[in-house]
Every structure is written in C-alpha cells, then in structure tokens.
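# Structural features, examined
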Amino acid sequence: MSGELHPNLIALQTIVQREIRRYTRIWPQTLLPPAITMVLYFVIFGSLIGARIGDMGGFSYMDYIVPGLIMMSVITNSYSNVVSSFFSTKFQRSIEELLVSPVSPHVIVIGFALGGITRGLAVAVIVTLLSMFFTDLQVHHLGVTVLVITLTASIFALGGFINAVFARNFDDISIIPTFVLTPLTYLGGVFYSINLLSPFWQTLSLANPVLHMVNAFRYGILGVSDIRIGVAISFMLVAVIALYLVSVGLLKSGRGMRQ
C-alpha cells in the first residue's frame, strides 16, 4: 500500500505544481483581468449606482454586493482554469501519457481540481484586498466563509474538468461559461436580495445553485442570508462528492479522451 501511495503523492505534487506555475507564469492573463473587472464593478455598481440605491439587507449596497462579487470571481476562475488546462492536455495528446502511467485517476482529478481551486482562491484574495479600498468588511463567521468559498471553488473546478472531458474543440469549453454560468451568476443574488422579488420568482430563484453559494458566503461575511445556511452547505458537500465521482468515472472509462 505504501509503495503505491508514494508515487501517487509525487504525481499529485507534480500536477498541482504544474497547474500553479501555469497560471502564475501568465498572471497578466489569469490574475490581473479579474482584479480589473472587479474594480470596475466596485466603482460602477458600488460607488456610483449604490449611492442611489441606499441600504440593502441592513447594509450599504457596496457592503452587500462585495461577497457576491468575490464569489463570482471564484466561480469564473476555478472553472476556467481546469477546463482550459485539461482540454489543452487532451488537445496536445499529453493526456495519453498520464492515462498509461501508473497514476491513479483519483490523483489526476484531484491534481487538476486543486489547480483550479488555488487559482480561484488566489483571485478571491486579490479581490478581497481591492475591496478594502471601497468598504470596510468584518467577517461574521470565519469558518463558514472559508468552508463555503473552498466548496464553491471545488464544485466549479470539478465542473470544468467534466466540461473539458466532453469538449471536442475550443468552442465547446466556452459554451457552458457563456450560456450557463454567466446567467446563473447574475441571477444568483450577487447584486440583489431575492426578497425584492415576487413570491413566484423567489421560489424559482431557489432552484439556482449559485444563489445558495452566494448567500452562504454572504452570511459568512455579513451575517445575513436569504436562504438557510445548513441547506446550502449540505447541498455543496453533496455536489462536490457527486461531481468528483463523475469525474473519476469518466477518466476510468476513457470517455472523451480522444480528439
């Protein structure tokens, strides 16, 4: 058992280091654009429009949207890092070297997922530091904050992995972010409380998984939420396990590994 464990740990370390070096080496393309985008959101929606909107949920509009903006950056970057990296590995046919090596499929999935998670968290730290220039946030519950942001990054990193497995060309890796993630994120309570909606639309919004993630994270930061935190965290735990099992299953079956 120990003889099998050591090579897999080395393989895991290698994959994670490669993934981290990949996005840090081209940081002007991976880490800088999200920071600039979030600053624009802070200025336009927070400072300019927020001043006219007033308070929301007992907080200034700027304070209210910051947790959602941080979560939005985590979702986008954790997903895009894995989907682009793993698909590039398929496109260059270097994935075949991993598949024929004595490396466990679990190691491959975890390695790529950790690459996306670290990028998502790195961008979250950058955006949080930038938000300090516009607002003074106090973390209400550190444990919930860390747990929720880690689970969210894990969900979308694994989602990006599954997207990359099924993708046949570079257009396929942009379909989900454009037509699924973007609408779900903007309708996920980032910029508003669902209490402003009619009862019908409030109920419909509860089917949006991003809403639960954003509100759980907002609870960790501000202590307010439109949904029940226990339900949200339970959902995220189940989603991580389910997506992980699907990812490992796809890798074991070899489905989508050939271009």
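This structure is a prediction, so every number in the text was calculated from the model and none was measured.

A separate point is the packing of helix 10 (residues 209-222) against helix 11 (residues 229-253). Here helix 10 crosses helix 11 at 120°, and the two axes come no closer than 9 Å. Between helix 10 and helix 11, the angle falls in the class oblique. Helix 11 is crossed by helix 10, and the crossing has left-handed handedness. The residues of helix 11 that touch helix 10, namely those facing Pro 209, His 212, Met 213, Asn 215, Ala 216 and Tyr 219, are Ile 229, Ala 232, Phe 235 and Met 236. Taken together, the residues that form the contact of helix 10 with helix 11 break down as eight nonpolar, two polar and no charged.

It is worth spelling out the pattern of salt bridges at this point. Counted according to the given criterion, the structure contains two salt bridges. With its nearest N and O atoms 3.4 Å apart, the salt bridge here joins Arg 93 to Glu 96.

Right, let's talk about helix 4 (residues 61-91) for a bit. In a regular helix each residue adds 1.5 Å, so 31 residues correspond to 45 Å; helix 4 covers 44 Å between its end C-alpha atoms and thus fits that length. Backbone geometry just after helix 4 places Arg 93 at a positive phi near 65°.

The next subject is the packing of aromatic side chains. A full pass over the atoms with the stated rule returns ten aromatic pairs. With a centroid separation of 5.3 Å and an interplanar angle of 40°, the aromatic rings of Phe 42 and Phe 134 are classed as tilted. Pair noted here: Phe 42 is in helix 3 (residues 32-53) and Phe 134 is in the loop between helix 6 (105-131) and helix 7 (142-166), with a separation of 92 residues, a long-range link. Owing to a relative accessible area of 0%, Phe 42 belongs among the buried residues under this scheme.

All right, on to the layout of surface pockets then. A volume near 430 Å³ is recorded for the largest pocket. Together, 25 residues line the largest pocket, and Met 72, Ile 75, Thr 76, Asn 77 and Thr 182 are the ones closest to its centre. Of all the secondary structure elements, the ones that give two or more residues to the lining of the largest pocket are helix 2 (27-30), helix 3, helix 4 and helix 8 (172-186). Per-element tally for the lining of the largest pocket: the top contributor is helix 4, with nine residues. Its residues assigned to classes, the lining of the largest pocket shows twelve nonpolar, twelve polar and one charged. Volume-wise, the second largest pocket comes out at about 250 Å³.

Quick look at the UniProt feature "transmembrane region" (unreviewed entry) in the chain now. The feature "transmembrane region" (unreviewed entry), as given by UniProt, occupies residues 31-53, 65-87, 107-134, 146-166, 173-194 and 227-251 in the numbering adopted here. Helix makes up 89% of residues 107-134 and strand 0%. Its end C-alpha atoms lie 41 Å apart. A distance of 35 Å separates the end C-alpha atoms of residues 227-251, which is 92% helix and 0% strand.

Turning to its location among the elements, Asn 8 is positioned in helix 1 (residues 2-25). When its relative accessible area of 17% is taken as the criterion, Asn 8 is described as buried. If sequence neighbours within four positions are ignored, Asn 8 has contacts with Pro 102, Val 103, Ser 104 and Val 107.

The end-to-end C-alpha separation of helix 7 is 37 Å, in line with the 36 Å expected for 25 residues at 1.5 Å each. In terms of residue burial, helix 7 counts as a mostly covered element, since 19 of its 25 residues are buried.

What follows is about the nonpolar core. By size, the foremost hydrophobic cluster in this structure holds 77 residues, and its most contacted members are Leu 69, Phe 86 and Phe 191. Of the residues forming this core, the biggest block, 16 residues, is contributed by helix 4. Look past the residues within four positions of Leu 69 in its chain and what remains in contact with it is Met 38, Tyr 41, Phe 42, Val 190 and Phe 191.

Here we come to the UniProt feature "domain: ABC transmembrane type-2" (unreviewed entry) in the chain. The feature "domain: ABC transmembrane type-2" (unreviewed entry), as annotated in UniProt, sits at residues 25-254 in this numbering. Annotation note: span residues 25-254, helix share 77%, strand share 2%, distance between end C-alpha atoms 30 Å.

At a minimum axis distance of 11 Å, the contact between helix 4 and helix 8 shows a crossing angle of 170°. As judged from the angle between their axes, helix 4 and helix 8 are roughly antiparallel. Between helix 4 and helix 8, the contacting residues are Met 72, Ile 75, Tyr 79, Val 83, Ser 84 and Phe 87 on the first element and Ile 173, Ile 176, Pro 177, Leu 181 and Thr 185 on the second. Classifying every residue of the contact of helix 4 with helix 8 by side-chain character gives nine nonpolar, two polar and no charged.

Quick notes on the rules
Residues numbered from 1 in each chain as written. Predicted model: local features only at pLDDT ≥ 70, side-chain atom pairs only at ≥ 80, totals over all residues. Heavy atoms only, no water. Axes fitted to C-alpha atoms, helices over the stretch in contact; angles between N-to-C directions. Helix = DSSP H or I, 4+ residues; strand = E, 2+ residues; numbered from the N terminus. Parallel < 35°, antiparallel > 145°, perpendicular 65-115°, else oblique. Left-handed = near helix turned anticlockwise from the far one by under 90°. Contact = heavy atoms within 4.5 Å. Nonpolar A, V, L, I, M, F, W, Y, C, P; charged D, E, K, R; others polar. Salt bridge = Lys/Arg side-chain N within 4 Å of Asp/Glu carboxyl O. Expected span 1.5 Å × (residues − 1). Phe/Tyr/Trp six-rings, centres within 6.5 Å; stacked < 30°, edge-to-face > 60°. Buried < 20%, exposed > 50% of the residue type's maximum accessible area, 1.4 Å probe, protein only. 1 Å grid on protein atoms, 1.4 Å probe; cavity = no way out; pocket = protein on both sides within 12 Å on 5 of 7 lines; lining within 4 Å. Points joined across faces, edges and corners; volume = space filled by probe spheres on them. UniProt positions renumbered as here; feature names shortened; annotations may be inferred. Core = buried A, V, L, I, M, F, W, Y, C linked by side-chain atoms within 4.5 Å.

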